[in-house]
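# Summary of the model geometry
Below are the chains, spelled out letter by letter.
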Amino acid sequence: MQRGEQLYSGKAKSVYESDQDDALILHFRNDTSAFDGERIEQLDRKGMVNNKFNAYVMEHLEREGIPTHFLELLSDDETLVRRLDMFPIECVVRNIATGSICKRLGVEDGVDLSQPTFEFFLKNDELHDPMINEYHIKSFNWADDEAVEVMKVQTFKVNDILSKLFADAGMILVDFKLEFGRQGANIFLGDEFTPDGCRIWDAETREKLDKDRFRKGLGGVVEAYEQVAQRIGLDI
Ligand code: ADP
Ligand code: UDP
């Protein structure tokens, strides 16, 4: 399958037409950004690692009953996906408080939450992805009631499925971000699930194995992503 016209180039992926009207090609690039695109670097092999990581997780989620946009791996750094109308919304679930929630609420970093918590953010880099609630989503018609419900229910299900996947491999799924979109009457999980969009800690040492290595300048970013992949059974 050949890439058609480029429809969009984001911070880490580019989106192309495919030779099917209802499918797109996602190209996972090596670009790695932090702080709403203020810092961008090329990390060798990251596009390939994330493409394969994402495919592995999306296929696992499909088997566990989550409808995803994943169709097939096309190459080392390209995947064929269902063409979705994306909701301009990020869905975040947290099991441990770290990152923006600590700054926002003044809570201690690293504290276990007594139950997973859920947050919506508006996808808007210029506004630094502000936190929004269900009323904002419905009032501005960013998504309807049904979609809001599906996004919440599916994100919590993904948390259960993937917390187990990582726990079985000696890791903690700390938090993560998902994006959803619509194709006709159906809502699918879109975008990606990779260590770029989640936090994963070693369960024993709490060593960071995700994009916080890049944000905090810890080094070994792609090596950590590969380590996580190997531990959950994916040989890249
Ligand atoms: P960003 O847009 O935040 O810079 P990326 O670099 O990851 O992020 O760009 C990928 C873009 O593709 C995102 O805007 C995402 O919403 C969009 N996207 C992901 N999956 C699909 C899909 N199945 N159909 C249409 N658009 C998608
Ligand atoms: N996240 C993401 N994209 C965003 C914002 C957050 O993938 O635009 C992920 C992030 O990697 C983390 C989770 O969502 O796993 C929660 O992020 P947080 O709100 O703590 O923001 P951050 O500290 O990354 O600014």
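Structural notes, computed from the coordinates. These numbers were taken from a predicted model, which means no experiment stands behind them.

What counts and how
- Residues numbered from 1 in each chain as written.
- Chains lettered and ligands numbered in written order.
- Predicted model: local features only at pLDDT ≥ 70, side-chain atom pairs only at ≥ 80, totals over all residues.
- Heavy atoms only, no water.
- Axes fitted to C-alpha atoms, helices over the stretch in contact; angles between N-to-C directions.
- Helix = DSSP H or I, 4+ residues; strand = E, 2+ residues; numbered from the N terminus.
- Parallel < 35°, antiparallel > 145°, perpendicular 65-115°, else oblique.
- Left-handed = near helix turned anticlockwise from the far one by under 90°.
- Contact = heavy atoms within 4.5 Å.
- Nonpolar A, V, L, I, M, F, W, Y, C, P; charged D, E, K, R; others polar.
- Salt bridge = Lys/Arg side-chain N within 4 Å of Asp/Glu carboxyl O.
- Buried < 20%, exposed > 50% of the residue type's maximum accessible area, 1.4 Å probe, protein only.
- Near = heavy atom within 4 Å.
- Polar contact = N/O pair within 3.5 Å; in protein donor to acceptor, adjacent residues only side chain to side chain.
- Areas by Shrake-Rupley, 256 points an atom, 1.4 Å probe, with all protein chains shown as cover.

## Some points on the packing of helix α1 (residues 46–63) against helix α4 (residues 145–167)
Two elements in contact, α1 and α4, have axes whose closest approach is 11 Å; the angle formed by their N-to-C orientations is 120°. Between α1 and α4, the interaxial angle falls into the category oblique. α1 and α4 meet at a crossing whose hand is right-handed. Residues F53, V57, H60 and L61 of α1 touch α4, and the partners they reach there are V158, I161, L162, L165 and F166. When its residues are assigned to classes, the contact of α1 with α4 shows eight nonpolar, one polar and no charged.

## Looking at the pattern of salt bridges
Counted according to the given criterion, the structure contains 28 salt bridges. A salt bridge links E192 to K13, with the nearest nitrogen and oxygen atoms 2.7 Å apart. In this pair, E192 is assigned in the loop between β14 (186–189) and β15 (198–202) and K13 in strand β2 (residues 13–17), connecting sequence segments 179 residues apart. With respect to class, E192 is no different from K13; both count as buried. Between E179 and K123 there is a salt bridge, and its shortest N-O distance comes to 3.3 Å. With E179 in the loop between β12 (171–178) and β13 (180–183) and K123 in the loop between β10 (111–122) and β11 (131–132), this residue pair connects regions lying 56 residues apart in the sequence.

## Looking at the site of ligand 2
Every one of the 15 residues lining ligand 2 counts as a neighbour, but R94, S100, D175, R199 and R215 are closest to it. One of the side-chain nitrogen or oxygen atoms of R94 is found 2.7 Å away from an oxygen atom of ligand 2. Contact between ligand 2 and S100: an oxygen atom at 2.6 Å from a side-chain N or O atom of the residue. When the free accessible area of ligand 2 is taken as 500 Å², the share hidden by the protein chains comes to 77%. Listing elements by their share of the shell around ligand 2, those giving two or more residues are β9 (89–97), β12 and β15. Partitioned by chemical class, the residues of the shell around ligand 2 number three nonpolar, four polar and eight charged.

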